[in-house]
Amino acid sequence: MNTTLDDFDPIPSTRRRPTVAVGSLKQAVSEADALAVPVAAGEEPAAELGIDAAGLAAAGFTAERGQTLVRPTTDGPVRVAVGIGTADRLDGTLVRDLAAEFARAVPWHKKLAVEVPSGDSAMPVADFAQAVTEGVLLARWRYFVGRGSDQPTLESLLVVAGDDQAEEAAAGVERGRVVAAACSLGRDLANCPATTLSAVRIAEVAQEVGPATGLQVEVFDKDQLIELGCGGILGVNRGSVEPPRMIRLRYEPADPTGRITLVGKGVMYDSGGISLKPSDESHAQMKNDMTGAAAVLASMTALQALGCRTAVTGYMMCTDNMPSGSAMKLGDVLRMRNGKTVEVLNTDAEGRLVMADALALATEEPVDAIVDIATLTGACLRTFGVEIAGLMGNDKDVIEQLRRAGENVDEPVWELPLHRPYRTQLDSPIADMTNMGGVNAGSITAALFLEEFVDGRPWAHVDIAGTAQLPAARTWRNRGATGFGTRLLIEFALRFQPSANRR
């Protein structure tokens, strides 16, 4: 009997995706286990709820946003009243959250249905259907290692729409399905135990899912990284028995409107190296120190299906950071891809080392913007907590496009100043720079380190150290690795507009 997890599937959600469709109320009543009926404040609910406003009020239901009331029935699906507040103030963030609240209110039901509100609404039907699909699918996503959890897996979602709404709803459902599937892939990878998901294994996953979603996939092994002069990732890998991998992904639409490169930190397990981490809850997150790389792969799997017009190149920089007799030591000097030398003052500041090589490679091809994403600094977690990512960069237009993308998909980012006087904290007496600044402003000095490798190209850095993991479920975000960044990068790529000053 195999007592390890070597053969465990690292991306189970791709094997058991629920079916999602648009249908009629009659179909929902006959097929669904639970039906969500939106209820606006001060209005009578739809007749299929089986209770009027007075009855809801008597049960303490006021239709405030996020409120749910489950009504068991003897015939047909359970009805769930879902408060939407004022109907004319609906937006994607609210609907996504409400759909998730519905899905969590009926955790034992396998076949769900949600009705599109009738009447006037400030929200297009397609946008409503997309947000519902994302909210339900992401709230009911599960990752479990073993024989299975007691809670059943979601089998189907039916979005109920009238004949005049069906076409728009179907378009929204399909977009929501693609985005949710990408985010689920990112969650799978980030939650997967490090014993199963090595750098070699994640490269195999990319080779499996990439071509099926229109991506070209190139994998670079240790010898090839040596030839490329990628001293950062090679230095971090020295303490590991697992070989490193750099995975380059390419999405090339016909007649692209712009070109961006995404760089993701893929530290498969981060012990801290010789600079060992403290024995606290931080160890629970060390397997998902590759969330940035997961977000790059996951987001790019959605681009073809969503008709993205931007050409996208992605780099996943994957290795363990482990202590051993051969591990990188304090005081070592590494030579990076662009020739710069880095004195290592802390082996737990390894993410910037592995990404620096990819950033340098990104500048060697035509590109309109470079975006890197990483679980990079505890300082960012302390600054923003678990719901907001840090954002820094050298180009205001790229930063603003990322900010808007985060706002649109409810993955908020907040800009910190790239205060260049702090660059002196990275000065080294024996090398071009060190990999660690002072005790303060750690998120900013980390970004200043990365800027050294973009050669002036338009660039932004997203620090997801706080948002990559949640201690408890909230709306569509699950406990554990959240997949934060996947939907952000999808939205950024779909809406990207190159500035006039291309390089």
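Higher on the page you've got the structure.
Described in the following lines is the structure provided in the data block. Source: prediction; values computed, not measured.

About the cut-offs
Residues numbered from 1 in each chain as written. Predicted model: local features only at pLDDT ≥ 70, side-chain atom pairs only at ≥ 80, totals over all residues. Heavy atoms only, no water. Helix = DSSP H or I, 4+ residues; strand = E, 2+ residues; numbered from the N terminus. Contact = heavy atoms within 4.5 Å. Pairing = 2+ DSSP bridges. Axes fitted to C-alpha atoms, helices over the stretch in contact; angles between N-to-C directions. Buried < 20%, exposed > 50% of the residue type's maximum accessible area, 1.4 Å probe, protein only. Polar contact = N/O pair within 3.5 Å; in protein donor to acceptor, adjacent residues only side chain to side chain. Salt bridge = Lys/Arg side-chain N within 4 Å of Asp/Glu carboxyl O. Parallel < 35°, antiparallel > 145°, perpendicular 65-115°, else oblique. Left-handed = near helix turned anticlockwise from the far one by under 90°. Nonpolar A, V, L, I, M, F, W, Y, C, P; charged D, E, K, R; others polar. Phe/Tyr/Trp six-rings, centres within 6.5 Å; stacked < 30°, edge-to-face > 60°. Lys NZ or Arg CZ within 6 Å of the ring centre and 35° of its normal.

### A word on the side chain of S13
- By the element assignment, S13 lies in the segment before β1 (19-23).
- If we skip the residues at most four places from it in the chain, S13 touches W141, S184, L185 and D188.

### Topic: the sheet that holds strand β6 (residues 156-160)
- Taken together, the 6 strands give an open sheet; going across it, the order is β1-β6-β5-β2-β4-β3, and neighbouring strands pair in mixed fashion. Strands at the two margins of the open sheet, each flanked by one partner only, are β1 and β3 (68-71). On average, adjacent strands in this sheet sit at an angle of 20° to one another, irrespective of strand direction.
- The strands touched by helix α5 (residues 166-191) are β1 and β6; relative to β1, the strand with the most contacts, the crossing angle is about 165°.

### Some words on unusual backbone geometry
- One non-glycine residue, D255, lies in positive phi territory at about 50°.
- Along the chain, the position of D255 falls in the loop between β8 (245-251) and β9 (258-270).
- Looking at D255, the relative accessible area reads 65%, which means it is exposed.
- The phi dihedral of A441 is positive, around 55°, even though this residue is not glycine.
- Note that A441 resides in the loop between β16 (433-434) and α13 (442-451).

### A closer look at the side chain of R457
- Note on placement: R457 falls in the loop between α13 and β17 (459-463).
- At 2.9 Å, the side chain of R457 forms a polar contact with the side chain of D455.

### Quick notes on the pairing of β6
- Counting buried positions along β6 yields 5 of 5 residues, so the element is predominantly enclosed.
- Alternating residues of β6 divide into S156, L158 and V160 and L157 and V159, and every residue in both groups is buried.
- Both β1 and β6 contribute to a ladder of 5 bridges, which runs parallel. Looking at the pairing, V20 lines up with L157 of β6.

### Overview of the pattern of salt bridges
- Taken as a whole and assessed by the stated rule, the structure comprises 29 salt bridges.
- Ionic pairing is found between R15 and E208, a salt bridge with its closest N-O pair at 2.6 Å. One end of the pair, R15, is in the segment before β1; the other, E208, is in helix α6 (residues 199-212), with 193 residues separating them in the sequence.
- The partly exposed category is assigned to R15, whose relative accessible area is 45%.
- In this structure E208 comes out as partly exposed when scored by relative accessible area, which is 36%.

### Brief notes about the packing of helix α3 (residues 92-105) against helix α4 (residues 125-139)
- For the pair α3 and α4, the least separation of the axes is 7 Å and the interaxial angle reads 40°. In terms of orientation, α3 and α4 fall into the oblique class. Two packed elements cross with a definite hand, and for α3 against α4 that hand is right-handed. For the pair formed by α3 and α4, the contact residues are G92, V95, R96, A99, A100, F102, A103 and R104 on the first element and F128, A131, V132, E134, G135, V136 and A139 on the second.

### Considerations on the packing of helix α9 (residues 291-300) against helix α14 (residues 486-495)
- Across the interface, α9 lies against α14 with an axial gap of 8 Å and an inter-helix angle of 50°. In terms of their interaxial angle, α9 and α14 are classed as oblique. Classified by chirality, the crossing of α14 by α9 is right-handed. Contacts from A295, V296, A298 and S299 of α9 reach α14 at T486, L489 and I490.
- Per-class residue counts for the contact of α9 with α14 are 5 nonpolar, 2 polar and no charged.

### Things to note about the packing of aromatic side chains
- With the rule as written, the count across this model stands at 3 aromatic pairs.
- An angle of 25° between the planes, with centres 6.3 Å apart, marks the rings of W141 and Y143 as stacked.
- Residue W141 is classed as buried on the basis of its relative accessible area, which comes to 7%.
- If you follow K340 out to its NZ or CZ, it ends over the ring of F453, 6.0 Å from the centre.
- The positively charged end of R487 is found above the aromatic ring belonging to W476, 4.6 Å away from the centroid.

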